[in-house]
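Close look at the chain arrangement
If you want the building blocks of each chain, they are given just below.
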There are 2 protein chains.
Amino acid sequence: MSTAAVADIRPYHHGDLRRALVDAAIRILEREGPSALSLRAVAREAGVSPAAPYHHFKDKGELLDAVAHVGWEALGEGMSAVQGEVPDLSGLMTEIGVAYVRFSQDHPALYRVMYDTARDKDSLPEGMQDKEDGAYCLVRNTFRSVAGPDVPDVDIELATIAAWCAAHGLAEMSGFAQFGPLKDAFGGDAGFLRAVLSHLGMFQPKLVKPT
Amino acid sequence: MSTAAVADIRPYHHGDLRRALVDAAIRILEREGPSALSLRAVAREAGVSPAAPYHHFKDKGELLDAVAHVGWEALGEGMSAVQGEVPDLSGLMTEIGVAYVRFSQDHPALYRVMYDTARDKDSLPEGMQDKEDGAYCLVRNTFRSVAGPDVPDVDIELATIAAWCAAHGLAEMSGFAQFGPLKDAFGGDAGFLRAVLSHLGMFQPKLVKPT
DNA sequence: TGTCCGATCTGGACAGTGCTTAGATAGAAG
DNA sequence: CTTCTATCTAAGCACTGTCCAGATCGGACA
């Protein structure tokens, strides 16, 4: 009878359940963390039977893949956003690193899923190196711009890998906020974070090509 | 009747079940990976009822803590072992980093558990900074030896954190071996690994105190 | 317009999980 | 030899991922 409700997203079979499930999963992730993310809970959150997801995803892993993909897109956008805000190229890499770690702090559960699903497949996350606008490409292109044209590609790739490893390690460690030396390091302004990043040679363009 | 069997570790109630459970867990971890590590599977592997572990560990998490602790001890030993093998202090940090990544490659499942159990507690892994011989202390002390006495403690700490983050990030990435640029990077000799480490300023003592 | 088809969703079931409780067992202490 | 206490088992609860038979409904085709 009340089919006229404003946002009663339940017209026929469900409209776009696949999308709704991914959204529901992210909602649970942000609200209760990764340990609460069961397939049944997602179905419950979306107001659907426990077996419904299986008509859109092969299994739970495939749902998580879709969730992770959304995460990679968001991370890529967050990293791209700082590009116009920094005047000198010298500080750009550092700010991209800050944006990366910030994302992992703002969406810790999502960030975890992004790497966990990839780990189960023994391959780098798909969304990470998507097309031209993937987050990985962004870093590599930035290195390419910062470095002179005389720097060979292999060094650019090496630098990108090193920077990515450092940022990822930093992001993981930032979760352990109670630890003495790391306390207050990742909260508030990113001063300490920038200090650690500056200790990592990769984020100083002059070190792109070490002797 | 056959109580005279050589290694029939089942004398009374079980002897030392706690230890046996941790060993069984690690065995499962190395054989089938983290996803197969259920408490019931551990009990099965140890030849004991599913409820038996609860007399030695509050819950599954506490068992994993014990497993992780064994892992941290092994990692610390692995990192310490290279100390006598490198003549110059300059290369020592790099070799410690290599030892760290190597451990994560040799025991990927155990390595994952070591960080996962810590993450649930929002604090750095306990075993990591144990006593004087913890792995973290080893790195800090090495930095202390490499750097001159004029380098303040805060910079040593900063360098240790940065190095740890970089090594951890590298260890995590080394699992994604299928990725183009990383392919062959972590296998065989550690040449590529050393190259990436050298790109990370932290592993070059001269960079301990950046301007 | 009416009928059927195929995609979508439900209800129920199965094995496996973490964990609890009540009771059995056996080593040690009296 | 009895008793006590730590250890272990059996049975069961709520939950999970996954599959299956059947219900439902939108759209295509007549």
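Everything numeric here is computed off the predicted structure, so don't read it as measured data. (Residues numbered from 1 in each chain as written. Chains lettered and ligands numbered in written order. Predicted model: local features only at pLDDT ≥ 70, side-chain atom pairs only at ≥ 80, totals over all residues. Heavy atoms only, no water.)

As for the overall build of chain A
- A count of helices and strands for chain A gives eight helices and zero strands.
- For chain A, the sequential pattern of α-helices and β-strands runs α-α-α-α-α-α-α-α.
- In chain A, which comprises 211 residues, the proportion classed as buried is 49%.
- Within the structure as shown, chain A displays about 10,300 Å² of accessible surface, and the carbon and sulfur contribution to it stands at 52%. (Helix = DSSP H or I, 4+ residues; strand = E, 2+ residues; numbered from the N terminus. Buried < 20%, exposed > 50% of the residue type's maximum accessible area, 1.4 Å probe, protein only. Areas by Shrake-Rupley, 256 points an atom, 1.4 Å probe, with all protein chains shown as cover.)

Concerning the confidence of the model for chain A
- Per-chain confidence: chain A averages 82 in pLDDT, with 81% of residues scoring 70 or above.
- Ranking the elements of chain A by mean pLDDT puts helix H8 (residues 191-199) of chain A last with 77 and helix H2 (residues 39-45) of chain A first with 98. (pLDDT = per-residue confidence, 0-100.)

A look at the nonpolar core
- Counting residues in hydrophobic clusters, the biggest one holds 135 residues, and the most contacted among them are Trp164 of chain A together with Tyr100 and Trp164 of chain B.
- Not counting chain neighbours up to four residues away, the residues in contact with Trp164 of chain B comprise Met173 of chain A together with Trp72, Met79, Tyr100, Tyr115, Met128, Ala135, Tyr136 and Val139 of chain B. (Core = buried A, V, L, I, M, F, W, Y, C linked by side-chain atoms within 4.5 Å. Contact = heavy atoms within 4.5 Å.)

Some remarks on the packing of helix H3 (residues 60-81) of chain A against helix H6 (residues 135-146) of chain A
Residues and elements named next belong to chain A.
- At a minimum axis separation of 8 Å, H3 and H6 run at an interaxial angle of 25 degrees. Comparing their axes, H6 and H3 come out roughly parallel. Residues Gly76, Met79 and Ser80 of H3 pack against Ala135, Leu138 and Val139 of H6.
- Each residue belonging to the contact of H3 with H6 can be placed in one class, and the counts come to four nonpolar, two polar and no charged. (Axes fitted to C-alpha atoms, helices over the stretch in contact; angles between N-to-C directions. Parallel < 35°, antiparallel > 145°, perpendicular 65-115°, else oblique. Nonpolar A, V, L, I, M, F, W, Y, C, P; charged D, E, K, R; others polar.)

Here's the deal with helix H1 (residues 17-32) of chain B
Residue and element names in this part refer to chain B.
- The end-to-end C-alpha distance of H1, which contains 16 residues, comes to 22 Å, matching closely the 22 Å that a straight helix rising 1.5 Å per residue would cover.
- Considered for burial, the residues of H1 that qualify are Leu17, Leu21, Val22, Ala24, Ala25, Ile26, Ile28 and Leu29.
- The secondary structure elements touched by the buried residues of H1 are helix H2 (39-45), helix H3 (60-81) and helix H5 (108-119).
- Phi turns positive, to about 85 degrees, at Gly33, one or two residues after H1. (Expected span 1.5 Å × (residues − 1).)

Some details on the side chain of Glu172 of chain B
- Inspection of the secondary structure assignment puts Glu172 of chain B in helix H7 (residues 153-173).
- Overall, Glu172 of chain B belongs to the buried group, its relative accessible area being 10%.
- Ignoring anything within four residues of it in the chain, the contact list for Glu172 of chain B reads Arg119, His168 and Glu172 of chain A.

A closer look at a negative patch on the surface
- Where like charges cluster on the molecular surface, the negative patch consists of Glu73, Glu77, Glu132 and Asp133 of chain A.
- With respect to the helices and strands, the residue Glu132 of chain A is situated in the loop between helix H5 (108-119) and H6. (Patch = residues over 30% accessible without salt bridge, like charges linked within 9 Å, V, L, I, M, F, W, Y side chains within 5 Å. Salt bridge = Lys/Arg side-chain N within 4 Å of Asp/Glu carboxyl O. Lys, Arg positive; Asp, Glu negative; His and termini not counted. Charge placed at Lys NZ, Arg CZ, Asp CG, Glu CD.)

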